[in-house]
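# Remarks on the overall topology
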Amino acid sequence: MPHPTAPLLLLSTARAIVAAREAGLSEWTGSLDLGRSTGTALLHADTWTWRGQAYPYPGKLKDRTVYSWDGEDFAPVSHFGGALIKLVPTEWDVPTFEIDGIKMLPTSKESPLDDARRKVALVAPRGKVVLDTCGGLGYFAACCLEAGAARVISFEKNADVLWLRTLNPWSPDADAPASGGRLELTHGDVSQAIAGLGDASVDAILHDPPRFGIAGELYSQAFYDQLARVLKRGGRLFHYTGSPNRLTSGRDVPGEVARRLEKAGFSARLALDGVLATRR
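Every chain's residues receive numbers from 1 upward, in the order its sequence appears when written. Residue-level local features of this predicted model are given only where pLDDT is at least 70; pairs of side-chain atoms are given and counted only at 80 or more, and the full residue set underlies all totals for whole chains, interfaces and linings. Side-chain numbers here rest on the full set of heavy atoms in the structure, without hydrogens or water.

## What about the sheet that holds strand 10 (residues 96-99)?
- Two strands qualify as a pair provided that DSSP identifies no fewer than 2 bridges between them. Numbered from the N terminus, helices here are DSSP runs of H or I no shorter than four residues, and strands are runs of E no shorter than two. Strand order in the open sheet made by the 4 strands is 8-9-10-11, with antiparallel pairing throughout. Because the sheet does not close on itself, it has two edges, and the strands there are strand 8 (78-80) and strand 11 (102-103).
- In this structure, strand 9 (residues 84-88) lies alongside strand 10, joined through 4 bridges in antiparallel fashion. Across the sheet, I85 pairs through a bridge with I99, a residue of strand 10.
- The contact criterion used is simple: two residues touch if any of their non-hydrogen atoms lie within 4.5 Å. A fitted line through C-alpha atoms represents every axis, and for helices the fit uses only the stretch in contact; the resulting angles, taken between N-to-C directions, go from 0 to 180 degrees. Relative to the sheet, helix 4 (residues 159-167) contacts strand 8, strand 9 and strand 10, its axis offset from that of strand 9 by approximately 25 degrees.

## Considering the packing of helix 2 (residues 112-121) against helix 3 (residues 139-146)
- Viewed as axis vectors pointing N to C, helix 2 and helix 3 meet at an angle of 60 degrees, and their least axial separation amounts to 9 Å. Taken together, the axis directions place helix 2 and helix 3 in an arrangement best described as oblique. The way helix 2 lies across helix 3 gives a crossing that is right-handed. Here P112, L113, A116, R117, K119 and V120 of helix 2 lie close against helix 3, whose contacting residues are Y139, F140, C143, C144 and E146.
- Looking at the contact of helix 2 with helix 3 residue by residue, the classes come out as 8 nonpolar, no polar and 3 charged. Comment on the angle field: the value is read as roughly parallel under 35 degrees, roughly antiparallel over 145, roughly perpendicular from 65 to 115, and oblique elsewhere. In this scheme, a crossing is called left-handed if the near helix is turned counterclockwise away from the far one by less than a right angle; it is called right-handed if the turn is clockwise. Amino acid classes used here: Ala, Val, Leu, Ile, Met, Phe, Trp, Tyr, Cys and Pro are nonpolar; Asp, Glu, Lys and Arg are charged; the rest, including Gly, are polar.

## Topic: helix 3
- Buried means the residue's accessible area, taken with a 1.4 Å probe over protein chains only, is under 20% of the maximum for its type, while exposed means over 50%, and partly exposed covers the values in between. A large share of helix 3 lies buried, amounting to 7 of its 8 residues.
- What helix 3 keeps buried is the set Y139, F140, A141, A142, C143, C144 and L145.
- Packed against the buried residues of helix 3 are helix 2, strand 12 (129-132), strand 13 (151-156), strand 14 (183-187) and strand 15 (202-207).
- In the stretch just after helix 3, G148 is the one whose phi turns positive, near 90 degrees.

## As for the side chain of E98
- As for its placement among the helices and strands, E98 is situated in strand 10.
- Residues adjacent in sequence count toward polar contacts only when both atoms are side-chain atoms; beyond that, a polar contact is any pair of N or O atoms within 3.5 Å, and within protein one must be able to donate a hydrogen and the other to accept it. There is a polar contact of 2.4 Å between the side chain of E98 and the side chain of R64.
- In this structure, E98 is in contact with R64, L84, I85, K86, V88, K103 and M104, ignoring residues within four places of it in sequence.

## Observations concerning the pattern of salt bridges
- We count a salt bridge whenever a side-chain nitrogen from Lys or Arg sits within 4 Å of a carboxyl oxygen from Asp or Glu. Considering all chains together, one arrives at 14 salt bridges under this definition.
- Measuring nitrogen to oxygen at the nearest pair gives 2.8 Å for the salt bridge that ties R118 to E110.
- By relative accessible area, R118 is classed as partly exposed at 41%.
- Here D114 makes a salt bridge to R117, at a shortest N to O gap of 2.5 Å. Taken as a pair, D114 and R117 lie in helix 2 at a separation of 3 residues, close to a single helical turn.

This is how it looks when you write it as structure tokens:
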């Protein structure tokens, strides 16, 4: 689904637009797509115009929230369907997302897109077929396409996360010309869907599962055996684990992951905030 052309508002941009009107200016120039581009809004007494469409000046907005136009008003980009899933701005422009207030992507030191780019580089995707097990906002897939992957097979289980992608201008659109038909995005549970992939059918794998307590099946020996089955010999896998505190959690999750991957047929070592493994 293509991204909408309506503006995305943050508290800071809304304040800037209102301040420009109150200063008597007829135009405001800035970004209304989370830093992807800049443009000019025409300011009128009661409305402002962006790309030929008039919008009301926003009311009270909250910080750490992205707002999109729903046809009547600017509404938070969030859904509640058993859990609150929300698109969250960052100082890097590129947003992250949260599930019940838990941040899903690292953003403390760099943009989540730059973080994804470093991890994707570990599997050297150029010319390869890449399995992206848990698509999320699509930053792994975007970086694979940018790096020249031949094809990206991506799964995302959560329908609300897929909805966030339609509003996030930094998420890749599988149908856009820029994707070149190389991105195959499926709404599905990879722990089940992987059985439908052929033996040795992919050249590299990027595995960024939710934390162990939410999706333990994606850390299981049975799933790692399936990853080994679909990956060609010599192929690389990067498995994000994060850096859980052993003193508080009582578990060495990266170490456990490495040991299970070794048992499945990989050579594994710790890398960045996860495990890098090569199919033996």
